[in-house]
Amino acid sequence: MKKKEFVTQDLLSKIYQQTTPGPRRLPPERQLAEEYGVSRSTIREALEKLVNIGVVRIVQGSGTWINEQARANPLVYNSITEKRFDQIRYRMISLHKKRPDRAAQQIFGIDEESFIWHFCRLRYVDDAPVQLEISSMPVAEFPDLNQQAIERSIQQYVLSKGLTISHMLTTYRAVSVNREQAAILGCKKGSPAMHITNRGILDGGQVFEVSDIIDINYNCTYVIPYNRDNLTWRQNQGV
């Protein structure tokens, strides 16, 4: 693990280990650098990551303060959500309408005479291509979907319609990049990647988007409460 990642993970662990109520702040950069045996620039990079995921805030002249509200809730962040929007951009590769297959009919609750949008886009982080995304959305609910929306934010586009996003259902699977994907992403065929399937769900249960994503630089961290009930249930199955 890189030094920056280790410092980030360890600071995050210590933030969640402490239960003292009231405002708290982290030690100064110089002290942290001495404790971890790293440069102050490494400490700054780690703190910037904690800022980006909303766990701490840096107050000029006052120090780095822990966001108590964030600490009181489950935390999930990954290699995309830890980045600011100005570090991310999209390039649309294709957009067209098509008839839904049986799976799409089932997912979106539409008939075979309806249409779905089918689009492909490339996501860049810090100007490097890292994700190839192929997505579908129902045309009836989003008749004006266009390149501008696809190259900005699909979630913001959906919210602009006055809709409310309820859940994201996401599955991860380790894969190897095939020849076509490698050509688009600029990597070697057979490179390790994460295949991410995602469904966006609105209030009321309607699915507004289904995506298949190939990510060649994926990592994810979870900080969630221990689920004792789930462990007990699993242990008791078949008994």
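Residues numbered from 1 in each chain as written. Predicted model: local features only at pLDDT ≥ 70, side-chain atom pairs only at ≥ 80, totals over all residues. Heavy atoms only, no water.

- As annotated in an unreviewed UniProt entry, the chain carries the name GntR family transcriptional regulator and comes from Enterobacter huaxiensis.

## Some thoughts on the domain arrangement of the chain
Frequently, the measure chosen for interface size is the accessible area that the parts lose on association.
Here's step 1: Split into domains, the chain comes out as domain 1 (3-72) and domain 2 (85-222).
Here's step 2: If you average the C-alpha positions of domain 1 and of domain 2, the two centres end up 33 Å apart. (Domains from an automatic or database assignment.)

## A short note on the layout of surface pockets
Here's step 1: Empty space within the largest pocket amounts to approximately 870 Å³.
Here's step 2: Together, 29 residues line the largest pocket, and Ile80, Thr81, Tyr90, Arg123 and Gln155 are the ones closest to its centre.
Here's step 3: Listing elements by their share of the lining of the largest pocket, those giving two or more residues are β3 (75-78), β4 (88-98), β5 (116-125), β6 (128-138), α7 (154-159), β7 (165-176), β8 (192-202) and β9 (207-215).
Here's step 4: At four residues, α7 tops the list of elements feeding residues into the lining of the largest pocket. (1 Å grid on protein atoms, 1.4 Å probe; cavity = no way out; pocket = protein on both sides within 12 Å on 5 of 7 lines; lining within 4 Å. Points joined across faces, edges and corners; volume = space filled by probe spheres on them. Helix = DSSP H or I, 4+ residues; strand = E, 2+ residues; numbered from the N terminus.)

## Comments concerning helix α9 (residues 228-236)
Three- or four-residue spacings in an α-helix give side chains the same orientation, since the helix completes a turn every 3.6 residues.
Here's step 1: Burial analysis of α9 places just zero of its nine residues in the buried class, which makes it a mostly uncovered element.
Here's step 2: Among the residues of α9, the N-terminal cap falls to Asn227, whose side-chain oxygen and the backbone nitrogen of Asp229 are separated by 3.4 Å. (Buried < 20%, exposed > 50% of the residue type's maximum accessible area, 1.4 Å probe, protein only. Polar contact = N/O pair within 3.5 Å; in protein donor to acceptor, adjacent residues only side chain to side chain.)

## Remarks on a nonpolar patch on the surface
Here's step 1: A contiguous nonpolar patch, built from Val76, Tyr172, Tyr222 and Ile224 and spanning about 390 Å² of accessible area, is present on the exposed surface.
Here's step 2: The residue Val76 is located in strand β3 in this model.
Here's step 3: Relative accessible area serves as the criterion here: at 47%, Val76 is assigned to the partly exposed category. (Patch = residues over 30% accessible without salt bridge, like charges linked within 9 Å, V, L, I, M, F, W, Y side chains within 5 Å. Areas by Shrake-Rupley, 256 points an atom, 1.4 Å probe, with all protein chains shown as cover. Salt bridge = Lys/Arg side-chain N within 4 Å of Asp/Glu carboxyl O.)

## Side note on helix α2 (residues 29-36)
Here's step 1: Buried within α2 are the following residues: Leu32, Ala33 and Tyr36. Along the axis of α2, the buried residues cluster in a sector spanning 100°; they form a single face. For α2, the exposed residues set more than 90 degrees away from the buried face come down to Arg30, Glu34 and Glu35.
Here's step 2: In this structure, the buried side of α2 is in contact with α1 (3-17) and α3 (40-52).
Here's step 3: Phi turns positive, to about 65°, at Gly37, one or two residues after α2. (Arc of directions from axis to C-beta. Contact = heavy atoms within 4.5 Å.)

## With respect to the side chain of Arg24
Here's step 1: By secondary structure assignment, the location of Arg24 is in the loop between α1 and α2.
Here's step 2: Taking relative accessible area as the criterion, Arg24 reaches 14% and is therefore assigned buried.
Here's step 3: Polar contacts involving the side chain of Arg24 include one to the main-chain carbonyl oxygen of Ile15, which spans 3.5 Å.
Here's step 4: If we skip the residues at most four places from it in the chain, Arg24 touches Ile15, Gln18, Thr64, Trp65, Ile66, Glu68 and Arg71.

## So, the packing of α2 against α3
Here's step 1: Where α2 meets α3, the closest approach of the two axes is 9 Å, and the angle between their N-to-C directions is 105°. For the element pair α2 / α3, the angle class is roughly perpendicular. Two secondary-structure elements touch here, α2 through Glu29, Arg30, Leu32, Ala33 and Tyr36 and α3 through Arg40, Ile43, Arg44 and Leu47. (Axes fitted to C-alpha atoms, helices over the stretch in contact; angles between N-to-C directions. Parallel < 35°, antiparallel > 145°, perpendicular 65-115°, else oblique.)

## A look at the UniProt feature "domain: HTH gntR-type" (unreviewed entry) in the chain
Here's step 1: As recorded in UniProt, the feature "domain: HTH gntR-type" (unreviewed entry) lies at residues 1-69.
Here's step 2: What you have in residues 1-69 is 55% helix and 12% strand, and the ends, taken at the C-alpha atoms, are 29 Å apart. (UniProt positions renumbered as here; feature names shortened; annotations may be inferred.)

## A closer look at the nonpolar core
Buried together is how nonpolar side chains tend to be arranged in soluble globular proteins.
Here's step 1: In terms of nonpolar packing, the biggest core is built from 19 residues, with Ile43 and Leu50 touching the most fellow members.
Here's step 2: Contributing elements (two or more residues each) for this core: α1, α2, α3 and β3.
Here's step 3: In contact with Leu50, other than residues within four places in its own chain, are Thr8, Leu11, Leu12, Ile15, Val55 and Val56.
Here's step 4: Within the second largest apolar cluster, 14 residues are counted, among which are Phe119, Met137, Ala149 and Leu202. (Core = buried A, V, L, I, M, F, W, Y, C linked by side-chain atoms within 4.5 Å.)

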